[in-house]
Amino acid sequence: MRLTVGQALVRFLAAQHSERDGERRPFFAGCFGIFGHGNVAGLGQALLEEGFPYFMARNEQAMVHTAAGYARMTDRLATFACTTSIGPGATNLVTGAALATVNRLPVLLLPGDVFATRTANPVLQELEDARSHDVSVNDTLRPVSRYWDRINRPEQLPSALLAAMRVLTDPAETGAVTLALPQDVQAEAHDWPEELFAPRVWRVPRPLPETDAVTEAAALLAAAERPLVVAGGGVIYARATDELRAFAERTGIPVAETQAGKGALPWDHPQSAGAIGATGTPAANALAREADVVLGIGTRYSDFTTASRTAFAREGVRFVNLNVARLDAVKLAGVPLVADAREGLRALAAALAGHTVADAYREEIAALTTRWNAAVDAACAPRGRVPVAQAEVIAAVNDASGPRDVVVCAAGSMPGDLHKLWRARDPKGYHVEYGYSCMGYEIAGGLGVKLAAPDREVFVMVGDGSYLMMAQEIATAVAEGIKLVVVLVDNQGYASIGNLSESVGAQRFGTRYRARTDTGLDGGPLPVDLAANAASLGADVIRAATADELRTALRRARAATRTTVVRVETDPLLPAPDSEAWWDVPVAEVAALDSTRQARARYEKDRRARRHHL
């Protein structure tokens, strides 16, 4: 079958499917792209000729975020390909690739590359390296890709495509995959074996745990007086939430949730202890401090989850780690259960049949969560003043959303407040990207969520800092007729980093959006109208000032048929309730400022609580 490399690649992508539990679906929902001289004649022509679904993005980083959002919403069973030209378009992929790999989300990147034949060197946008002609800007994608290859000859394509699919469909290995495509090779014709384009099904495995590991883990849990489950994103990706609920109900073990695991249990379930770690709740963190055995399920134990290794403070605490990736299963010197979360929970439940925690522990869990829920109600109650508090905004969006609707966020102060305050009702209702915490993910990621779940309303919560990083995919949503509700929280600066700056004695330096004066960026607010900017990108815009106006605006936006931006100003100095947990951000050891010296003294005291967990 004589086709160009570009045509063969697109035809191959169209024939790939994933399957798990008998559910089969196309693995690629389409291709996002921005065309330039490095991909328009090869992949661009092929996408046109083959009729493969194509979506035009406005920024290359953003289209990777959209693909990642789609992959997460589909439990990593489907994704998009992303194509760019050879220069800044390719390097713009790096941040998105890092996000996908950190979060273990499959995304296929297809950047153009310089001429393999080198007949036109140096081509426009080529990086000339005196050390070797075999270097291009695409080499920047190597460290952030789970698989990386450059296709210098048509004969190399089949093996590279199969290797790419192996990684993309492996839940333990998945992340960004890069196939760099020299622009001359993309357009080169070759005779391909027809079987390369036959429908191919990649079965996503559910590995079973080893019997001896289950026995050891069950013995530890059975002997524990104060066990605790930490539910990570792996619970949701494995669709193990029913098994987790049954396990928690039968054993009485409380469940704390990471950012990626939030929603693994409904917020009001008796065994739900809420968010854990540096952005967690006092209830979950109190249970963590006294836990003697921790069962981590599908979590990679980030420093926010472990509160920089101060969360699990009991002497001799032990860990049991149920994870599909051995890398995560062996962390914190835990007993590794290398298995699919659903199958591992089933095995543990059988091994612990009849076991339950003491009634006194159940009562303690109930008391802690009741106290915290009352604190949430108080924090989120309307104050009757403007600007409103961020907690009021979160409560208004929570109330406006339906049980299956999705909230999307990524960076700034909102992810921490959402982790504590958002009352999740559905495993897919909470979508906060906190593995890379990438400013600019929100709107693009929300677009991916909506593409994956068009029957759900998607509420994108984005601060002014993130909005200014990457708002242009509003235009993509408008062009595609995809409806989002974007809640634009304007607090005139970087609220999260402002709070952090103050905590380390740096006095919120460089975190406010202010005009420059003779003494620095300490003048008046900037005359920037973000609502007008959103309208210029094609969105409908509603401005709200008070809590009542916000709630009315959210009802209108939810009922709308077009992408609608609700802009509200908040007071960055009104924090949510404290998590009563620590996060390690080193403070200057020597300083002339009193504020920094005081912060260093606090830091020295706090870091003494760190455990090695060896």
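Our structure is the block above this text.
In this report, we go over the structure that sits alongside the text.

About the cut-offs
- Residues numbered from 1 in each chain as written.
- Predicted model: local features only at pLDDT ≥ 70, side-chain atom pairs only at ≥ 80, totals over all residues.
- Heavy atoms only, no water.
- Pairing = 2+ DSSP bridges.
- Helix = DSSP H or I, 4+ residues; strand = E, 2+ residues; numbered from the N terminus.
- Axes fitted to C-alpha atoms, helices over the stretch in contact; angles between N-to-C directions.
- Parallel < 35°, antiparallel > 145°, perpendicular 65-115°, else oblique.
- Left-handed = near helix turned anticlockwise from the far one by under 90°.
- Contact = heavy atoms within 4.5 Å.
- Nonpolar A, V, L, I, M, F, W, Y, C, P; charged D, E, K, R; others polar.
- Buried < 20%, exposed > 50% of the residue type's maximum accessible area, 1.4 Å probe, protein only.
- Patch = residues over 30% accessible without salt bridge, like charges linked within 9 Å, V, L, I, M, F, W, Y side chains within 5 Å.
- Areas by Shrake-Rupley, 256 points an atom, 1.4 Å probe, with all protein chains shown as cover.
- Salt bridge = Lys/Arg side-chain N within 4 Å of Asp/Glu carboxyl O.
- Phe/Tyr/Trp six-rings, centres within 6.5 Å; stacked < 30°, edge-to-face > 60°.
- Lys NZ or Arg CZ within 6 Å of the ring centre and 35° of its normal.

1. Details of the sheet that holds strand 14 (residues 272–275)
- Spatial ordering of the open sheet is given by 14-13-12-15-16-17, a layout of 6 strands whose pairing is parallel. Two strands bound the open sheet, and with one partner strand each, they are strand 14 and strand 17 (335–338). Along the sheet, successive strands turn relative to each other by an average axial angle of 20°, direction set aside.
- In this sheet, strand 14 lies alongside strand 13 (residues 255–257) in parallel orientation, the contact comprising 3 bridges.

2. Some words on the packing of helix 10 (residues 241–251) against helix 13 (residues 341–351)
- In the contact formed by helix 10 and helix 13, the axes pass within 9 Å of each other and the chain directions differ by 25°. The pairing of helix 10 with helix 13 is recorded here as roughly parallel in orientation. Where helix 10 crosses over helix 13, the two elements pack in a sense that is left-handed. Between helix 10 and helix 13, the contacting residues are Glu-243, Leu-244, Phe-247 and Arg-250 on the first element and Arg-342, Leu-345, Arg-346, Leu-348 and Ala-349 on the second.
- Class assignment for the residues of the contact of helix 10 with helix 13 results in 5 nonpolar, no polar and 4 charged.

3. Observations concerning helix 11 (residues 282–290)
- Of all 9 residues that make up helix 11, 7 are buried, and the element is covered over most of its length.
- Buried within helix 11 are the following residues: Pro-282, Ala-283, Ala-284, Asn-285, Ala-286, Leu-287 and Ala-288.
- In this structure, the buried side of helix 11 is in contact with strand 12 (227–231), strand 13, strand 14 and helix 14 (359–380).

4. With respect to a nonpolar patch on the surface
- The grouping of Leu-468, Leu-526 and Val-528 at the surface amounts to a nonpolar patch, some 240 Å² of accessible area in total.
- Examined against the element boundaries, Leu-526 turns out to sit in the loop between helix 20 (495–503) and helix 21 (530–536).

5. Some remarks on the packing of aromatic side chains
- A complete count under the given rule lists 11 aromatic pairs for this structure.
- Measuring from ring centre to ring centre gives 4.8 Å for Phe-32 and Phe-80, while their planes differ by 55°; the resulting arrangement is tilted. Of this pair, Phe-32 sits in strand 4 (residues 28–33) while Phe-80 sits in strand 6 (residues 79–84), placing them 48 residues apart in sequence.
- Note on Phe-32: relative accessible area 1%, which makes it buried.
- Classification of Phe-80 by relative accessible area gives buried; the value is 1%.
- Each ring, one from Phe-55 and one from Phe-80, has its centre 5.6 Å from the other, and the planes form 80°; the classification is edge-to-face. Taken together, the residues span a long stretch of sequence, with Phe-55 in strand 5 (residues 54–56) and Phe-80 in strand 6 at a distance of 25 residues. Judged on exposure class, the residue Phe-55 and its partner Phe-80 are both buried.
- In this structure an aromatic cluster arises from ring pairing among Phe-32, Phe-55, Tyr-70 and Phe-80.
- Over the aromatic face of Trp-148 sits the side chain of Arg-142, whose NZ or CZ is 3.7 Å from the ring centroid.

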